[in-house]
Amino acid sequence: MRYSGLLVLLIVVAVNIAGWVGLNPPVEPRPWGELINGVDYSPFQADQGPQQKKFPSAADIDRDLQILSSKVKHLRTYSTLDGQGDIAPIAGYYGMDVLQGIWLDGRLERNEQEIENLIRIVRENKNVRRVLVGNETMLRLDMPIDDLIQYIRRVRTALSGTGVEISTAETWDIWLRYPQLGREVDFIAIHLLPYWEGQSPENAVDYAIARYQQVKDAHPTKKVVITEIGWPSEGRTRRDAVPSLSSQATFLRGFLNIANQRGFDYFIMEAFDQPWKRNIEGSVGAYWGIYNADRTPKFPMIGPVEDRPHWPQLAAGSVLIALPLMVWFLARWSDLRFSGRVFFGLLIQVVASAIVWVVDAGFKTYMSPGVALMWAMLLPLLVILFIMVLAEGLELSEVIWSSRRQRLFLGHKTDASRTHWPKVSIHVPAYNEPPEMLKQTLDALARLDYPNFEVLVIDNNTKDEKVWRPVQAHCETLGPRFRFFHVAPLTGYKAGALNFALRNMAKDTEIVGVIDADYLVEPDWLSALVPYFDNPQIGFVQAPQDHYDWKTDAFKEAINWEYAGFFQIGMVQRNERDAIIQHGTMTMLRKAAMDQVGPWAEWCICEDSEMGLRLLAAGWKSVYTDRRFGYGLTPDSFGGYKTQRYRWAYGAVQILKRHWRDMLPGDTRKLDPMQRYHFISGWMPWFADALGLVFAIASLFWTVGVLILPKYFELPLGLFLLPVVAVFIAKVAQFLWLYKIRVPCTLRQRLGAGLAGLALTYTIAKAMLAGLFTSKLPFIRTPKHEDQPALIQAIIIAREETLLALLLTLAGIGMWNFQGGEDPEARLWAVVMFAQSVPYYASLLLAAISTAESRLRKPDAKVANVPVPSLFALPKPGTPSNPPAGAD
């Protein structure tokens, strides 16, 4: 076993290294070993920018030019203000010529300052031989063409006699659109940025040269100077234009060689990354430099280039992060088959590598306030997503690759030689239940083959005597074992009724049983399960819930199999670690254990689960049997289904708020680590639903911001979005896979169960959020025989879900149509919006199915019409999920 674990580690590490190699393939463009003719230079440091009113000093510029002077011949600048007027004299000290630019826009006073400074700088610095009057002024539509021409003429007049050449810088298409502009300048200053035009890195150089030639042909008498040409190393993909380090190196090294061969006069865009540009150009605006913002070179000009040249360190770091968890897993789950250990080991490694990848991306990201907010929102969600992936991956591994069940309880055969049958007091709480239904429940209890039991029916607060009197009379006909109590008023809801029963049960009671008022039990329920209490450590015994009224009703069939998944997958796995959730029906508890931990919690809406947690924390053991010993009714409508799940989810938060200390490690607490793990991981998907709702609402607002105010709202990075989409697809596949293995139902029934589970997403999310911020919710009885609503009423029940689904769909369509044509990340975000809408559409669909089925049912159909005798003719356990009674 030790060697097999070592082999698992070796396989995982090998696959991890292969993955990092595959994600970082080296490229080797044509080498460049000469000086660069020119670069565009903005001297703002990493923490500076005009928006923050933080400007570079002369010392900052001097340090920059020390770096550039050995690599570059010429500089091109953009302004004479905000500290940039010092560039020319400092460049002259290092022997560098400057193509001096000024910035023109609608701020007329600032324009005058720029022109005044420009004239002074030209006259004082012999290394300024060319000037640019404006930068992309026409592209931004900052002024009419005639106004720009007037500025050019003013500068020409002011600089006459200096021999300085004058132009303005614009993109190539502007020079074709305004031929009169070409007549006013001494040379054509052209910007060629194929990224913005969606060109692939492979075609970008050829595309740029073609545009250069097009402009040259349009102005045959003028020299054409490429004053901006480059490629970003990070940012959003734009059609075929993929920004990356390798793409930037490929483009620049390729262009430099061609430019050298053809004698182009050019300036590379740009010397250093400018993080402040992110706020005006989006994420890509910060990453055009051939140096990082910290003034370190991004890539070599000779030799291979990798997008993450430090990937060996990242791969090693991911292994170190994953190793402790893998070692613990391999030691703790040594009973898993080899393939299962490899599967989960790889999953651990994938999650660790993803974490390292995200953290590395974070360190490489220049954070603006908006970007920081986005990371603060998405990073915790991503962490929770990864934790859920591990939890669900572990469950999948255990289900598929476990060698054998460690705790298999199949029920006892009746033992005729047994002399001691401990007294069982069965408690049936009821509130306003249909009398015929409750009578059948009592009749089923009367058929129990156990010799020593009593039944207490506690009708609490039912006002109509016509409802509870027939049940009282029926108890009298069943004999002294059956006692009926009508108690009004009675506080505490269901827990209050159960506590009343505890105070009034037989004094010699050793075991307390609880069933719901609609449950029909098998005759051997007690005789098969009570013997487990012979073990003095057993505090409670739980049998699964099941239903009998679903076979001719599509809605009830779907929710029946959704329930079945929990009892045949989740509860089975929790039972392996003695960490089951106690349920308020088909359960039995040792009275002595209840005496130790106290009565049912009337403060908690899920008093059953809370009691089970207290018993386990007190050191008592539990038993969960796969075999069905009772069958009840499913909720009649989608409204009832939602109400029931809302109560369960709200109660889970109540329990965690009260018992959070029991989830912490400590010597004074009796929950072992695996019990804590199962309680936390079991409720985590519900908290994920709550976070998913918050994320859905936030993403709607964010999408509106991206569409209306794109300068202030950036799309979430693909590294956040891809895991969301991948996990969504994986969860669907996992659900279908687990159901196929553990739950004996057809594919159609599996899909119905999945629909039912998705339909509750919004309800669970609301309950979890309400539970976090409120302290008390009245007990809400699950409706079992409510009047069925009309179709429109059923859809109204899902009105909030429907509204969210429509808004998410519209947001996705808007994103796809307005930005998806050029940006794959916009399409990915649209897909995320569509995926988020799926659970809410599921709610609408299930509500429609519920209503359609309700209209097919007979209006007077009551539980009395259910053929009860056939209940006990249901297939007895005999499959692996329902083993035969009597096996021990």
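Refer to the preceding data block for the structure.
Residues numbered from 1 in each chain as written. Predicted model: local features only at pLDDT ≥ 70, side-chain atom pairs only at ≥ 80, totals over all residues. Heavy atoms only, no water.

## Remarks on the pattern of salt bridges
The final tally for this structure, using the stated rule, is 39 salt bridges. In this structure, R110 engages D82 in a salt bridge whose closest nitrogen and oxygen atoms are separated by 2.9 Å. Linking R110 in helix α4 (residues 108-124) with D82 in the loop between β2 (72-76) and α3 (87-93), this pair joins segments that are 28 residues apart in sequence. Residue classification places D82 among the partly exposed residues on the basis of a relative accessible area of 22%. By sharing partners, the salt bridges in this structure join D40, R76 and E228 into a single network. (Salt bridge = Lys/Arg side-chain N within 4 Å of Asp/Glu carboxyl O. Helix = DSSP H or I, 4+ residues; strand = E, 2+ residues; numbered from the N terminus. Buried < 20%, exposed > 50% of the residue type's maximum accessible area, 1.4 Å probe, protein only.)

## A few points about the packing of aromatic side chains
The geometry of an aromatic ring pair comes down to the distance between the two centres and the angle between the two planes. Summed over all chains, the structure comprises 34 aromatic pairs. With a centroid separation of 6.4 Å and 25° between ring planes, the pair formed by F255 and F264 is classed as stacked. Of the two residues, F255 and F264, neither departs from the other in class, the shared state being buried. Counting every residue linked through ring pairs, the aromatic cluster contains Y195, W196, W231, F251 and W288. A cation over an aromatic ring shows up here: R332 above the ring of W333, its NZ or CZ 5.5 Å from the ring centre. The ring centre of W603 lies 3.9 Å from the NZ or CZ of R658, which sits over that ring. (Phe/Tyr/Trp six-rings, centres within 6.5 Å; stacked < 30°, edge-to-face > 60°. Lys NZ or Arg CZ within 6 Å of the ring centre and 35° of its normal.)

## What about the sheet that holds strand β14 (residues 538-542)?
Strand order in the open sheet formed by seven strands is β11-β10-β9-β12-β15-β14-β16, and the pairing between neighbours is mixed. Looking at strand neighbours, the two that pair on one side only are β11 (482-487) and β16 (621-624), the edges of this open sheet. Averaged over all pairs of adjacent strands, the angle between strand axes in this sheet comes to 20°, irrespective of strand direction. Direction of pairing for β14 relative to strand β15 (residues 587-590): antiparallel, over a ladder of three bridges. What sits directly across from Q542, in β15, is T587. Those strands touched by helix α14 (residues 435-446) are β9 (423-430), β10 (453-460) and β11, and its axis lies near 165° from that of β10. Packed on one face of the sheet, helix α15 (residues 465-478) meets β10 and β11 and runs near 160° to β11. (Pairing = 2+ DSSP bridges. Axes fitted to C-alpha atoms, helices over the stretch in contact; angles between N-to-C directions. Contact = heavy atoms within 4.5 Å.)

Shape descriptors only; they carry no functional weight alone.
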